[in-house]
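As a plain string of letters, each chain reads:
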Amino acid sequence: MTLVRTTRDSGLKRRRFLVGAGVTAGAGALARHLPLNVIRPATAADPVPAKPNVEVKHTVCSHCSVGCSVEAVVSNGVWIRQEAAFDSPINMGAHCAKGASVREHGFGEHRLRYPMKLVNGKYERITWDQAINEIGDRLLKLREQSGPDALMVIGSSKHNNEQSYLLRKWASLWGSNNCDHQARICHSTTVAGVAQTYGYGAMTNSFNDLHYSKAVLFIGSNPAEAHPISMLHFLHAKELGAKMIVVDPRFTRTARFAHHYVRIRPGTDIAFVWGLLWHIFNNGWEDKEYIAARTFGMDDVRKEVAKWTPDKVSDVTGVPEVSVRMAAEMLATNRPSSVVWCMGITQHHVGTANVRALSILQLALGNIGVQGGGANIYRGHDNVQGATDVGPNGDSLPGYYGIAEGAWKHFASVWGVDYDWIKSRFGSKELMEKPGITVSRWFDAVLEDNQYVDQPTNLRAVFYWGHAPNSQTRLPDMKAAMQKLDFMVVIDPYPSMTAAMHGRTDGVYLLPAASQFETQGSVTASNRSIQWRERVIQPLFECKTDHEIMYLFARKLGFGEQLVKNIKVVNNEPVIEDILREINRSCWTIGYTGCSPERLKLHMEHKRDFNPTTMRAESGPCKGDYYGLPWPCWGTPEMKHPGTPILYDLHKSVAEGGLPFRANWGVEHNGEPLLAADGSFTKDSEIDTGYPEFDHVFLKKLGWWSELTPEEQAQAEGKNWKTDLSGGIIRVVISHGCAPFGNARARCNVWNFPDPVPTHREPLVTPRRDLVAKYPTYDDKAAFWRLPTLYKSVQDVDFSKDYPLIMTSGRLVEYEGGGEETRSNPWLAELQQNMFCEVNPEDAAQIGVKLGEFMWVETPTGARLKLMAMVTPRVPVGLVWMPFHFGGWWMGEDLEKHYPEGGAPAVRGEAVNTGWTYGYDAVTMMQETKVSLCRLVRA
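Residues numbered from 1 in each chain as written. Predicted model: local features only at pLDDT ≥ 70, side-chain atom pairs only at ≥ 80, totals over all residues. Heavy atoms only, no water.

(A) Region of the structure containing the overall build of the chain. Helix and strand counts for the chain come out as 31 helices and 34 strands. Computed over its C-alpha atoms, the radius of gyration of the chain comes to 28 Å, within 12% of the 30 Å expected for a compact globule of 939 residues. Principal-axis analysis of the C-alpha atoms places the extent of the chain at approximately 105 × 80 × 60 Å. Looking at the chain residue by residue over its 939 residues, the buried ones come to 66%. Counting every atom, the chain has about 31800 Å² of accessible surface; 51% of that belongs to carbon and sulfur. (Helix = DSSP H or I, 4+ residues; strand = E, 2+ residues; numbered from the N terminus. Rg over C-alpha atoms; globule rule 2.2 N^0.38 Å. Buried < 20%, exposed > 50% of the residue type's maximum accessible area, 1.4 Å probe, protein only. Areas by Shrake-Rupley, 256 points an atom, 1.4 Å probe, with all protein chains shown as cover.)

(B) Looking closely at the packing of aromatic side chains. What the rule picks out here adds up to 35 aromatic pairs. Plain terms: the ring middles of Trp170 and Phe463 are 6.2 Å apart, the flat faces sit at 35° to each other, and that makes the pair tilted. Residue Trp170 is located in helix H4 (residues 161–174), and its partner Phe463 is located in strand S14 (residues 461–465); the two are separated by 293 residues in the primary sequence. The pair formed by Trp170 and Phe463 is uniform in burial state, with each residue classed as buried. For the ring pair Tyr198 and Phe661, a centre distance of 5.8 Å and an interplane angle of 25° mean the geometry is stacked. Of the two residues, Tyr198 is situated in the loop between helix H5 (188–197) and strand S8 (215–219) and Phe661 in the loop between helix H25 (597–605) and strand S21 (668–669); the sequence distance between them amounts to 463 residues. Residue Tyr198 is classed as buried on the basis of its relative accessible area of 0%. Judged by its relative accessible area of 0%, Phe661 is buried. Taken together, the ring pairs connect Trp170, Trp174, Phe463, Trp465, Phe553 and Phe559 into an aromatic cluster. Residue placement shows Arg143 over the ring face of Trp174; its charged tip is 4.9 Å from the ring centre. (Phe/Tyr/Trp six-rings, centres within 6.5 Å; stacked < 30°, edge-to-face > 60°. Lys NZ or Arg CZ within 6 Å of the ring centre and 35° of its normal.)

(C) Representation of helix H16 (residues 405–415) in the model. Taken as a whole, H16 has its buried residues at Ala407, Trp408, His410, Phe411, Ala412, Val414 and Trp415. Buried positions along H16 lie against H4, helix H17 (419–425), helix H18 (429–432) and helix H24 (576–586). One or two residues past the end of H16 sits Gly416, with phi positive at roughly 70°. (Contact = heavy atoms within 4.5 Å.)

(D) Region of interest: the layout of surface pockets. The space that makes up the largest pocket amounts to roughly 780 Å³. The wall of the largest pocket is formed by 35 residues, among which Val191, Gln196, Asp395, Ser396 and Tyr400 lie closest to the centre. Secondary structure elements with two or more residues in the lining of the largest pocket: H5 and H16. No other element matches H5, which puts 5 residues into the lining of the largest pocket. Taken together, the residues that form the lining of the largest pocket break down as 14 nonpolar, 16 polar and 5 charged. (1 Å grid on protein atoms, 1.4 Å probe; cavity = no way out; pocket = protein on both sides within 12 Å on 5 of 7 lines; lining within 4 Å. Points joined across faces, edges and corners; volume = space filled by probe spheres on them. Nonpolar A, V, L, I, M, F, W, Y, C, P; charged D, E, K, R; others polar.)

(E) Layout of the sheet that holds strand S2 (residues 69–75). Pairing is antiparallel in the open sheet, where 3 strands are placed in the order S1-S2-S3. Each end of this open sheet is capped by a strand with a single partner; those strands are strand S1 (54–60) and strand S3 (78–84). Going from strand to strand, the sheet's axes swing by 30° on average, the running direction of each strand aside. By the bridge criterion, 7 bridges tie S1 to S2 in an arrangement that is antiparallel. Paired with Val54 across the bridge in S2 is Ser75. (Pairing = 2+ DSSP bridges. Axes fitted to C-alpha atoms, helices over the stretch in contact; angles between N-to-C directions.)

(F) Region of interest: the sheet that holds strand S27 (residues 836–839). With mixed pairing, the 6 strands of this closed barrel are ordered in space as S26-S30-S27-S29-S28-S34. Between one strand axis and the next, the sheet turns through 45° on average, direction left out of account. The sheet contact formed by S27 and strand S29 (residues 864–871) spans 4 bridges and is parallel. When the bridges of S29 are listed, Glu838 appears paired with Met870.

(G) View of the packing of helix H8 (residues 269–282) against helix H10 (residues 298–305). Viewed as axis vectors pointing N to C, H8 and H10 meet at an angle of 105°, and their least axial separation amounts to 9 Å. One element, H8, and the other, H10, form an angle in the roughly perpendicular class. Contacts between H8 and H10 pair Trp274, Leu277, Trp278 and Phe281 from the former with Met298, Val301, Arg302, Glu304 and Val305 from the latter. For the contact of H8 with H10, the residue count by class is 7 nonpolar, no polar and 2 charged. (Parallel < 35°, antiparallel > 145°, perpendicular 65-115°, else oblique.)

(H) Representation of empty space enclosed by the protein. Counted under the stated rule, the structure contains 8 cavities of 30 Å³ or more. For the largest cavity, the calculated volume is near 400 Å³. Around the largest cavity, the lining is made up of 28 residues, and of these Ser156, Lys158, Gly466, Asp492 and Glu821 lie nearest the centre. Looking at the lining of the largest cavity residue by residue, the class counts come to 6 nonpolar, 16 polar and 6 charged. Estimated volume of the second largest cavity: approximately 340 Å³. If you go around the second largest cavity, you meet 24 residues; those closest to its centre are Gly220, Asp248, Gly344, Ser809 and Lys930. Element by element, the count of residues in the lining of the second largest cavity is highest for strand S26 (residues 805–810), at 3 residues.

(I) Region of interest: the pairing of strand S17 (residues 521–524). Burial along S17 is two-sided: the residues Gly521 and Val523 and Ser522 and Thr524 are all buried. Of the strand pairs in this sheet, S17 and strand S18 (residues 530–533) are connected by 4 bridges, and their pairing is antiparallel. Across the sheet, the residue bridging to Val523 is Gln531, located in S18.

(J) Inspection of the nonpolar core at higher detail. Trp170, Phe272, Trp274, Leu361 and Trp442 are the most contacted members of the largest nonpolar core, which totals 273 residues. It is H8 that contributes the most residues to this core, 10 residues altogether. Ignoring sequence-local partners within four residues, the contact set of Trp442 consists of Met152, Ile154, Ile437, Leu459, Val462, Tyr464, Gln472, Met478, Ala481, Met482 and Leu485. (Core = buried A, V, L, I, M, F, W, Y, C linked by side-chain atoms within 4.5 Å.)

(K) Helix H14 (residues 351–364), seen in detail. When the terminal C-alpha atoms of H14 are compared, their 20 Å separation across 14 residues agrees well with the 20 Å that a helix rising 1.5 Å per residue should span. Burial analysis of H14 places 14 of its 14 residues in the buried class, which makes it a mostly covered element. Positive backbone phi, at 65°, marks Gly366, one or two positions downstream of H14. (Expected span 1.5 Å × (residues − 1).)

(L) Looking closely at the environment of Asn161. Here Asn161 lies in helix H4. The spatial distance from the C-alpha of Asn161 to the C-alpha of Tyr261 is 38 Å, given a sequence separation of 100 residues. At 3.0 Å, the side chain of Asn161 and the side chain of Thr524 are in polar contact. (Polar contact = N/O pair within 3.5 Å; in protein donor to acceptor, adjacent residues only side chain to side chain.)

(M) Representation of the packing of H8 against helix H12 (residues 321–333). Close contact between H8 and H12 brings their axes to 9 Å; oriented N to C, the two are set at 65°. As judged from the angle between their axes, H8 and H12 are roughly perpendicular. For H8 against H12, the interelement crossing comes out right-handed. For the pair H8 and H12, contact is made by Phe272, Gly275, Leu276, His279 and Ile280 and by Glu321, Val324, Arg325, Ala327, Ala328, Leu331 and Ala332, respectively. Across the contact of H8 with H12, the residue classes tally to 8 nonpolar, 2 polar and 2 charged. (Left-handed = near helix turned anticlockwise from the far one by under 90°.)

Encoded structure:
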């Protein structure tokens, strides 16, 4: 038995093995040197009880975004087991397969153990000093030759909030907006669509709030596999009588629970939602009072919906007319009803429009701002919400402040760094205020002719900082770009497919990062609850925490002092609590200001006091707070705002978590009011009609300015609620029962978007060529997020004759994201050992392939994927489905030998994203992964 296998059986055995081996060897060596006359019969000594040194660390599962608590039992620094966290109001002791096996992070035999460098095609061990100095010197040279925008930094949605924030600050002080992370390719369309409709780009209610729902529409969402613990909350609602509707091209594990399953043609979600609204409007099921008081532009929606008669909806979506009507009636007559969506909605070239159509559906039914209603958007990674809120986004500074001059000056003030110095770090002021290149297309910024790239130089170097390349589309193009780069750096607990797919012989560095269980900090779940993770174990091997690595590079590159000006550094690690306090001082826009480290730690310690339905503490030191202080948690920590469990809820005062819609677009548009109607306001508000956002002028007009202290007045003069660092404006406004961001109407007509009212547009690669002329895509764009972007010229090509099958993708319960981490976990790897493709028995018969046999999936890009056939009626005739978590193969070739020794994941397979065709959302550059075409060939 190997040491590895011994430690696999039990954490305790590792220690016993080492101690036992040492004692035995020592006793044998000593015996050989003792004279025989000193050897006497042994007598037992009084046993000395070992001092128990067992601790329970409170942490959070690092996989999906539900936010399940994990109790990690640690003995003498070794993570020996994990316990179910029965006290957690979110998971109440339950775990899915992934959550139940996170202790593997305490062993991680496939992990990176020390820094490495690719030399003549082989990875060689180097020291951290060599890595920082060598990479740093190359970066400084690159900056001198081509400017700061020659570097792309791809961050992680698994970084905690503090690391995410520090990485955005790091990129800013380096002097570029070329930074991004996973949310771009999973929910950027959600953020844009929901924020532009309601005010904030986040899930409105909570998983637990589904207990109050009387009907739930799951569309493009498969929580039974992607977010299993969230299903427990819905199943509780179902026991109480809630109706369940599932809309999906594939009959999923979620669909088997449904009262009504709707099989839809991929890429036709807007037509389907307008079909629902056609029945709702025609039967008078809409909430007329709500629409009149709280929405703008619903009449424009009515005009568009009127075009979508039942026969037309059925033709475009493939859904029978009666099925659409049944779904509409179930939603409308069982209110409050909720809508849950995921990447089946977001990952389309019309992803933002899809999101907005669903957001409008909920407004028409009056379901936003009420218990059991809401637009509930389940995120994929544990901190994709928090990383989006405060992390490395190329078009915004933390807290969605944007990148205009005022935003930079706000953060220069918070960081204590001169604005002009920061500006001098960028190539120009224009580049400082221009959105950066996105993670979805960084490789095009390498390969594209420079005259078409909207920045001075092409990208020449990339940092992959906790991001899986196989979660992105067009991998052959990415590989070509990797080969063209000067160098690339992978910073990750696992080598990721980046380390194996590039085809280079040098210019690649692998740096071992600590996992989230080897550090501490806060993490934001999908429902906006923020939880504090304790450090479970010290970093393994030679791994370093991400924030230490950021600091080491910043010091080498000459901006270490500015990075941590207000943050204490201990043993090269910026103190996490200090970083959160800087977030508290800066991110007023989304209310990340009341969630101090102390309050979050108290919540985690006393989570048993929170009600699992309302999420409110009913006793104890957190009494009155909502679990995790779901943002916005207004004001300073001293204000003790309880958090906001449901966004836009008028039934509570703002001080107790209530909110109206945000006034973010002025007071009127084309003569129509944008502020809420008279009589529409939050409980206890002293203003009983709509009002704009607050600033120093408005406060003075209302006569409330004198309620600020002299110190607050000095800081608030000339500022608004977002830039007043004293927090005085927010404090006074809330004391009068008002919302700092105003009281407005939700927008059904977003006039600044490509489609002000969502419009069905045929997928770029579609088998329904007869519909292309009637529902065409957008015109090509010359410069969009710094790159030319194609729409019409892609759709004009007919691939359907050679590639007759619709291709789509999704998630598995066993794996997560790009999958290197979970496919390296032996407990999970045993559950799902092969990459596969679901194919209907009729289509399988066409090529003569049987269950378990290999076949090729070929796509219009020329990609060929060798996959095992899963012959099943779960998918309809004419459609195939593949999971996206696999990687480590390249068009039939196993890449194991290209990983660093011992670093290849236990399970490898073709990455479905190798074969995806071109397609990007017209607002956010979200990649298209839910509809394209392919053909099958027996292997």
